[in-house]
Amino acid sequence: MDAAEWYRQLPVITRTYVTLCVATTALCALDVISPFNIYYNTRLIYQNHEYWRLATNFFFYGNLSLDFFFHMFFLTKYSKSLEEDSFRRRSADFFWMLLFGAGLLLLAAPFVNLQFLGSSLTFMLVYVWGRRHQYVQMSMMGLFNFTAPYLPWVLLGFSVLLGNSPVTDLLGMMAGHAYYFLEDVYPRLSDGFAMRQSAVRLFSKAVSNPSLFGRPLPASVKIVEVGPRDGLQNEAKLVPTDVKVELIERLAAAGLQSVESTSFVSPKWVPQLADAAEVLAALRPKRGVSYPVLTPNMKGLERAISAGAKEVAVFTAASETFNKTNTNVGIDESLKRLADVTQAAREQGVAVRGYVSCVVGCPYQGHVPPQEAARVAAALDAMGCYEVSMGDTIGVGTPASVAAMFEACVAAGVPGSRLAAHMHDTYGQGLANVLTAVQMGICTVDSSLAGLGGCPYARGASGNIATEDVVYMLEGMGIDHGVDMDALLAASEFICAALGRENQSRAARALMRRRERGAAEAARAA
Ligand SMILES: CC(C)(COP(=O)([O-])OP(=O)([O-])OC[C@H]1O[C@@H](n2cnc3c(N)ncnc32)[C@H](O)[C@@H]1OP(=O)([O-])[O-])[C@@H](O)C(=O)NCCC(=O)NCCSC(=O)C[C@@](C)(O)CC(=O)[O-]
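An account of the accompanying structure is given in this report. Small disclaimer: the values here were computed from a predicted structure and weren't measured. (Residues numbered from 1 in each chain as written. Predicted model: local features only at pLDDT ≥ 70, side-chain atom pairs only at ≥ 80, totals over all residues. Heavy atoms only, no water.)

**Regarding the state of the cysteines**
If you walk through the whole model with that rule in mind, you get 0 disulfides. Considering cysteine sulfurs only, Cys 362 is the nearest to Cys 358, which forms no disulfide, with 4.7 Å between them. (Disulfide = S-S within 2.5 Å.)

So this is what it looks like as structure tokens:
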């Protein structure tokens, strides 16, 4: 990848901030602007109304020295990783984290006499990154090993050894800890989902504030469209590759940020998706959209990567019997296998999402205890999946059992921000279960257009909750989802016609009837 391509691929907030820092520092080095005009000074801000200083002090990093490049390296690396993986490209949430940190630093700076706060903000990012990657092993120039949460302390020690003051770094760590505590720790200490009430969330929801019965809701929910994979894997009819590709492209064009596209499982087990490599080869990816693919083992990962996949999804189950039926191994054996797959994927820069199936009920074992689902979710989280999607594979869950399962996951150490809801609609509970998850702070929901889907190895399982129903509900609740309903309906019509089946979404059917009535009335009036 050349430098221009690398720069273009940086997520938007990281790219903007790094550009501002490099440009400001370079302009100061060239004497085009003076650091004296941009440093943080509360008196000049309030008396002379020089409000730009509130922002510009974060952009200047001193002389164009080795230290500057060192800071830019850390800033880019950890900001990019947080924005892409931890915040799953929810750049607005990432931006609010930066604003939150910047606000705290601006409040604290006058007490420690700091005029430029960019280094502290970088340290805050390193701190949050370390906390969110607690199992990542690191090494200090091969001298000693440590895990990621110790990274800011190691850097601090190094800086002090070089004779620098620890104040800048400590301030950043304090801001990072405040964010980490309010976002990741406090929710677990209270009722598990008090994240809604945390200062960070309240702060970020101040702009757009959807609520239900007075309880704050997330401002946005990310929909992961699983129709082309979960939907088509269960169809009796083999769908031609070009139809699959057109479907995926239509879904991306409709605004879905993540479209699970196919599966690199054994074609003997799921012949419907045997053309996985052909699908990826023909796909014209849209910028900003991810196209995860399912990989059950190392062979699947190798096939996926050589076909060009940038994101994969690994899967296991909370039920031993289901897992054996679905993947030929028990849960613990599959976790070992998936740990290797996850590590290999991450080493090659491929993001990994995790799935746990049968999180509330199993077609063979019946009831699944929440703690078992949580144990498996925590294992996937610990091995480095950026998000764990909890699947009610046979759609037996109700809001009560789904809530208990998510509560157990949070209690087991997986924050709501790294969980997703994957609900099937067999018993008509799918949308209620999705709503429960959203109310609990789960901001990612999997769904399948037209309600397509089901698992070939789960007897009696019906399709996923329909994307149209989820979009209709979120729209009505004032929660941002980014999907264009008309384009989505057109994609559903396209795939339903190709499959010769009826759209299972109630919202889609009602909207299409309304459209037909409107067209008939217009024709009569003409
Ligand atoms: C995991 C395996 C592969 C084990 O299957 P196995 O038979 O135990 O595998 P194996 O390692 O013994 O290999 C047997 C043969 O398969 C080949 N093979 C092995 N792996 C691959 C691969 N990746 N790609 C292509 N070929 C592969 C391998 O090369 C060999 O070929 P042979 O020597 O006989 O010619 C199999 O059980 C499998 O593919 N299972 C997938 C089942 C599936 O896709 N289920 C649906 C997805 S999960 C789901 O829908 C739930 C979810 C995610 O949506 C969430 C929810 O709703 O709850």
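This is not the end of the story, as more comes after the structure.
**Details of the pairing of strand S14 (residues 419–423)**
Consecutive residues of a regular strand have side chains that alternate between opposite faces of the sheet. For S14, the tally of buried residues reaches 5 of 5 residues, placing the bulk of the element in the interior. Side-chain alternation along S14 places Leu 419, Ala 421 and Met 423 on one buried face and Ala 420 and His 422 on a second face that is also buried. Pairing of strand S13 (residues 387–392) with S14 involves 5 bridges; the strand directions are parallel. The residue bridging Ser 389 from the neighbouring strand is Ala 420, located in S14. The parallel pair S13 and S14, bridged by helix H18 (residues 399–411), forms a crossover whose chirality is right-handed. Across 2 bridges, S14 lies against strand S15 (residues 444–447) in parallel orientation. Looking at S15, one finds that His 422 is bridged to Asp 446. Viewed along the sheet, the connection from S14 through helix H19 (residues 430–439) into S15 turns out right-handed. (Buried < 20%, exposed > 50% of the residue type's maximum accessible area, 1.4 Å probe, protein only. Helix = DSSP H or I, 4+ residues; strand = E, 2+ residues; numbered from the N terminus. Pairing = 2+ DSSP bridges. Right-handed = clockwise from strand over helix to strand, strands pointing away.)

**A closer look at the sheet that holds strand S9 (residues 311–317)**
Reading across from one edge, S6-S5-S15-S14-S13-S10-S9-S8-S7 is the order of the 9 strands in this open sheet, with parallel pairing throughout. A single partner strand is all that each edge strand has here, and the edge strands are strand S6 (258–259) and strand S7 (262–263). Summarising the sheet, S7 and strand S8 (residues 293–294) pair through 2 bridges and their orientation is parallel. Residue pairing in the sheet places Ser 263 in a bridge with Leu 294 of S8. Packed onto the sheet, H18 meets S13 and S14 and runs at close to 155° relative to S14. (Contact = heavy atoms within 4.5 Å. Axes fitted to C-alpha atoms, helices over the stretch in contact; angles between N-to-C directions.)

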